[in-house]
Amino acid sequence: MTSQGNEFASRADGDGPGSDWTAGDRQRLTFDAFCDTHHRTWTGFAGTRLHDGAAHEAVETAKGRVWREWPRILREQFPAFQAWTILKEEVGAALLRRMMDGGPPPAPEPVPPWVRAVRATAERARHLPETGASHEQLYAALCGLSERRHDVVVLRYLLGLTDAQIADCLATTEGNVRSTAGQALDRLATALGGRAGRGGRYERYEQDGRQ
């Protein structure tokens, strides 16, 4: 059992040998393996919305909830989606608390570092045009995407998940992931001064300004 699992054992179901953790070794090991598989995705996504400390707390709280609902989650068709939904709820709750508390003072740099990572990865994959458009424009476009499109872009281009992994996480199909990514990239490409081309490939505007 991992140290991470030990932490959840004491927090979720009490300390000592009489807890549910010691009574259900198989469930515990399955839960630990599940968390290990998805930990990078959860922490990476939470980090795009929250500061490091708040992101860590949201992930840990989500894991505690997943453990408490673990028997039910295991019976679901898409366990990863059930956990993802819980994570999104905890991230949303943390954002709401921050807003109600007045929020932190504005950071000197308005564009989070992960926006640059998304842009660089998408450009290397030739899924976005390489233009002189600012990171601020990309960030504004990312914030304007629908929740599902935003999630797909972050999971695909920041965290590097495969379409199959994203489909599992979002309880959809690989085809839908590709379609959603294409729709999101259309909007991002336009924001960066490019235009969508056929087959999800992107072109720059012509030098003479024609579209």
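The present account deals with the structure reproduced in this document. (Residues numbered from 1 in each chain as written. Predicted model: local features only at pLDDT ≥ 70, side-chain atom pairs only at ≥ 80, totals over all residues. Heavy atoms only, no water.)

Topic: the overall build of the chain
Along the backbone of the chain there are 11 helices and two strands. Going from N to C terminus, the chain has its helices and strands arranged as α-α-α-α-α-α-α-α-α-α-α-β-β. In the chain, which comprises 211 residues, the proportion classed as buried is 40%. Pairs at least 24 apart in sequence give 65% of the contacts found in the chain among residues at least 6 apart. Roughly 11,500 Å² of accessible area belongs to the chain as shown, and the carbon and sulfur atoms make up 50% of that amount. (Helix = DSSP H or I, 4+ residues; strand = E, 2+ residues; numbered from the N terminus. Buried < 20%, exposed > 50% of the residue type's maximum accessible area, 1.4 Å probe, protein only. Contact = heavy atoms within 4.5 Å. Areas by Shrake-Rupley, 256 points an atom, 1.4 Å probe, with all protein chains shown as cover.)

Side note on helix H6 (residues 79–100)
Taking 1.5 Å of rise per residue, 22 residues should cover 32 Å, and H6 covers 32 Å from first to last C-alpha, within 8% of that figure. Along H6, the positions that sit buried rather than exposed are Pro79, Ala80, Gln82, Ala83, Trp84, Ile86, Leu87, Lys88, Glu90, Val91 and Ala94. Summarising the contacts, the buried residues of H6 are in contact with helix H3 (25–49), helix H4 (52–68), helix H5 (70–75), helix H9 (147–158) and helix H10 (163–170). Backbone geometry just after H6 places glycine 102 at a positive phi near 95 degrees. (Expected span 1.5 Å × (residues − 1).)

Some details on a nonpolar patch on the surface
Nonpolar side chains collect at one region of the surface, where Leu96, Met99 and Met100 lie side by side and expose about 370 Å² of accessible area between them. Turning to its location among the elements, methionine 99 is positioned in helix H6. (Patch = residues over 30% accessible without salt bridge, like charges linked within 9 Å, V, L, I, M, F, W, Y side chains within 5 Å. Salt bridge = Lys/Arg side-chain N within 4 Å of Asp/Glu carboxyl O.)

Remarks on the pattern of salt bridges
What the rule picks out here adds up to 11 salt bridges. Of the charged contacts in the structure, one is a salt bridge between glutamate 76 and arginine 72, with a shortest N-O distance of 3.3 Å. In this structure glutamate 76 comes out as partly exposed when scored by relative accessible area, which is 32%. Of the residues examined, arginine 72 reaches a relative accessible area of 29% and is grouped as partly exposed. Note that aspartate 163 is salt-bridged to arginine 156, the shortest N-O span being 3.0 Å. Classification of aspartate 163 as buried rests on a relative accessible area of 14%. Salt bridges linked by common partners bring Arg156, Asp163, Glu174 and Arg178 together as one network.

A few points about the nonpolar core
Judged by nonpolar contacts, the single largest core of 50 residues is most densely connected at Trp42, Val66, Trp84, Leu87, Leu142, Val153 and Leu188. Those residues in contact with valine 66 that sit more than four places away from it in its chain are Phe31, Phe34, Ile73, Ala83 and Ile86. (Core = buried A, V, L, I, M, F, W, Y, C linked by side-chain atoms within 4.5 Å.)

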